[in-house]
Amino acid sequence: MASLWDAVNDSIDENHFILKHIIYALPIFFCASLYIKNNVGLFYFFAFPIIFIMLGVMSCGIANVRQNKREILTLNPIKLLYTVFSLTVAIVPLSAVMYFVGYCITAFVKLPFDLPYLPVVFKSIVWILVGSIVLTSFLSYSKSSSLKNAYNFPVIFESCVDVFINILFLIPQLLILNGIIIGAVWYLFFYFKLPLTNPFFVFYCSLVFVFNISVLSDYFAQISYELIKGEDEEYKDNYYIKGTGSAFSSRKK
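Report follows, based on the coordinates. Keep in mind the model is a prediction, meaning the values are calculated, not measured. Each chain has its residues counted from 1, running along the sequence as written. Predicted model: local features are reported for residues with pLDDT of at least 70 only, side-chain atom pairs are reported and counted for 80 or more only, and whole-chain, interface and lining totals are derived from all residues. Computation of side-chain values: all heavy atoms of the structure, hydrogens and water removed.

### What to know about the overall build of the protein
Now for step 1: Here a strand is any run of E in DSSP of at least two residues, a helix any run of H or I of at least four, and the numbering for each starts at the N terminus. Helix and strand counts for the protein stand at eight helices and zero strands.
Now for step 2: Rg of the C-alpha trace for the protein: 20 Å, near the compact-globule value of 18 Å for 253 residues, within the 12% margin.
Now for step 3: In terms of principal-axis extent, the alpha carbons of the protein reach across some 55 × 50 × 35 Å.
Now for step 4: The buried label goes to any residue with under 20% of its type's maximum accessible area, the exposed label to any with over 50%, and the partly exposed label to all in between, with areas taken from a 1.4 Å probe on protein chains only. Looking at the 253 residues of the protein, the share that counts as buried comes to 42%.
Now for step 5: In the protein, once contacts between residues fewer than 6 apart in sequence are set aside, the share between residues at least 24 apart is 74%.
Now for step 6: Summed over all atoms, the accessible surface of the protein reaches about 14,500 Å², with 73% contributed by carbon and sulfur. Each radius of gyration reported is based on C-alpha atoms, and the globular scaling rule is 2.2 Å times the count of residues to the power 0.38. The criterion used for residue contact is that any of the two residues' heavy atoms lie within 4.5 Å. Per-residue and other accessible areas were derived by the Shrake-Rupley procedure at a 1.4 Å probe size, with only the shown protein chains allowed to occlude residues.

### Comments concerning the packing of aromatic side chains
Now for step 1: Pairing of aromatic side chains here covers Phe, Tyr and the six-membered ring of Trp, requires ring centres within 6.5 Å, and sorts the geometry by plane angle: under 30 degrees stacked, over 60 edge-to-face, intermediate tilted. Throughout the structure, instances matching the rule amount to 15 aromatic pairs.
Now for step 2: A centroid spacing of 5.3 Å and a plane angle of 15° characterise the contact between Trp-186 and Phe-190, whose relative ring orientation is stacked. Of the two residues, Trp-186 and Phe-190 are both situated in helix α7 (residues 153-191); the distance of four residues between them amounts to about one turn of the helix.
Now for step 3: Accessibility expressed as a relative area gives 36% for Trp-186, which makes it partly exposed.

### Topic: the nonpolar core
Now for step 1: In plain words, nonpolar cores are sets of buried Ala, Val, Leu, Ile, Met, Phe, Trp, Tyr and Cys residues tied together by side-chain atoms within 4.5 Å. Judged by nonpolar contacts, the single largest core of 53 residues is most densely connected at Leu-4, Leu-139, Tyr-219, Phe-220 and Ile-223.
Now for step 2: Going through the elements one at a time, α1 (4-13), α2 (17-36), α3 (40-66), α4 (77-108), α5 (118-142), α7 and α8 (199-227) are the ones with two or more residues in this core.
Now for step 3: Contact partners of Ile-223, with chain neighbours within four places excluded, come to Ala-2, Leu-139, Val-163, Asn-166, Ile-167 and Ile-228.

### Topic: unusual backbone geometry
A negative phi holds for most residues other than glycine; trans holds for most peptide bonds.
Now for step 1: We note that His-16 has phi near 55°; this positive angle belongs to a residue other than glycine.
Now for step 2: In this structure, His-16 sits in the loop between α1 and α2.
Now for step 3: Given a relative accessible area of 53%, His-16 falls into the exposed group.
Now for step 4: Non-glycine residue Asn-38 carries a positive phi angle of around 60°.
Now for step 5: Looking at where Asn-38 falls in the secondary structure, it is placed in the loop between α2 and α3.

### Overview of the environment of Phe-113
Now for step 1: By the secondary structure assignment, Phe-113 is in the loop between α4 and α5.
Now for step 2: According to the relative accessible area criterion, Phe-113 is exposed, its value standing at 59%.
Now for step 3: In this structure, the C-alpha to C-alpha distance between Phe-113 and Ile-180, residues 67 residues apart in sequence, is 44 Å.

### As for the pattern of salt bridges
Now for step 1: Here, a salt bridge means any side-chain nitrogen of Lys or Arg that lies within 4 Å of a carboxyl oxygen of Asp or Glu. Tallied over the full model, the rule gives two salt bridges.
Now for step 2: One salt bridge in this structure joins Glu-71 and Lys-20, with 3.5 Å as the shortest N-O distance. Here Lys-20 lies in helix α2 and Glu-71 lies in the loop between α3 and α4, a separation of 51 residues in the sequence.
Now for step 3: Of the residues examined, Glu-71 reaches a relative accessible area of 24% and is grouped as partly exposed.
Now for step 4: When salt bridges that share partners are traced, they join Glu-14, Lys-20 and Glu-71 into one network.

### Side note on the packing of α5 against α7
Two packed helices can be described by the angle between their axes and the distance between those axes.
Now for step 1: Running from amino to carboxyl end, α5 crosses α7 at an angle of 105°, the nearest separation of the two axes being 8 Å. Considering their axes alone, α5 and α7 lie roughly perpendicular with respect to each other. Contacts from Ile-128, Ser-132, Ile-133, Leu-135, Thr-136, Ser-137 and Leu-139 in α5 reach Ile-156, Phe-157, Ser-159, Cys-160, Val-163, Phe-164 and Ile-167 in α7. Lines fitted to C-alpha atoms define the axes, with helix axes restricted to the stretch in contact, and inter-axis angles between N-to-C directions lie between 0 and 180 degrees. Should an angle lie under 35 degrees it is considered roughly parallel, over 145 roughly antiparallel, and from 65 to 115 roughly perpendicular; all remaining angles are considered oblique.

### A closer look at a nonpolar patch on the surface
Now for step 1: A patch consists of residues whose relative accessible area exceeds 30% and which take part in no salt bridge; residues with like charges are grouped when within 9 Å of each other, and nonpolar side chains (Val, Leu, Ile, Met, Phe, Trp, Tyr) when within 5 Å. A cluster of nonpolar residues, Tyr-117, Val-120, Val-121, Ile-125, Leu-129, Val-161, Ile-165, Leu-168, Phe-169, Ile-171 and Leu-175, forms a patch on the protein surface that exposes about 1,100 Å² of accessible area.
Now for step 2: If you list the elements that add at least two residues to the nonpolar patch, you get α5 and α7.
Now for step 3: Top element by residues in the nonpolar patch is α7. It accounts for six residues.
Now for step 4: Following the sequence through the fold, Leu-175 ends up in helix α7.

### A few points about α8
Now for step 1: Multiplying 1.5 Å by the helix residue count minus one yields the expected span of that helix. Between the first and last C-alpha of α8 there are 41 Å, a value that for 29 residues agrees with the 42 Å anticipated at 1.5 Å per step.
Now for step 2: Where α8 starts, the residue carrying a side-chain oxygen 2.8 Å from the main-chain nitrogen of Phe-200 turns out to be Asn-198. Each polar contact in these results corresponds to two N or O atoms within 3.5 Å; when the atoms are within protein, one needs to be able to donate a hydrogen and the other to accept it, and residues that are neighboring in sequence are counted only if both atoms are side-chain atoms.

Don't take any of this as a statement about function, it's just geometry.
As structure tokens, this is what we get:
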């Protein structure tokens, strides 16, 4: 079963841990600083490409873990740019189509019962399923960086509910983890009456954001291995060694 604790350990233990987090935290810090200064136009101008870059970083991380490599966050700019481009081709069209489907269902389907909160529950279920399909497509693509896997709908539809259930269990764990990491530093700033817009705190939160990307890359690699069916060769003694305690603890040093 996928373990957030194993993902945290793997993320901390990877090569050049501090250097990678600083490099990827810089564009996030820059974008956050624009927002704090109310420079909304430039914020959105840089936010969208940065979001796609971070998704590319996560996708590379998932592929690295699935391929039993020692690193999670890549420092290879060519590999990252290729992943961002191919990920855009893989995910954006599907996301647009699924958004259209979700909008049509929630806007035009009439429920036969008129019960309190039923429309809200119905819309929530629809968008959750739509989101889980897109996320499963992202994971399916990322495990091998293959465009055909992003549109392997039989596998995606078979796995998306299991992926969604797993994410439900992940969310509270992730909130607790971030509460601990950020909470201690937040308390120091609160105790000394320092503003949370202080550059040191903003950069620290940017580092935590990158740490989350690294942890989620490892965790998503675990659930994509467990929940998304792949080719037989993907399972030939690459990921699990009996007695190690972690599906990915056998990665090469």
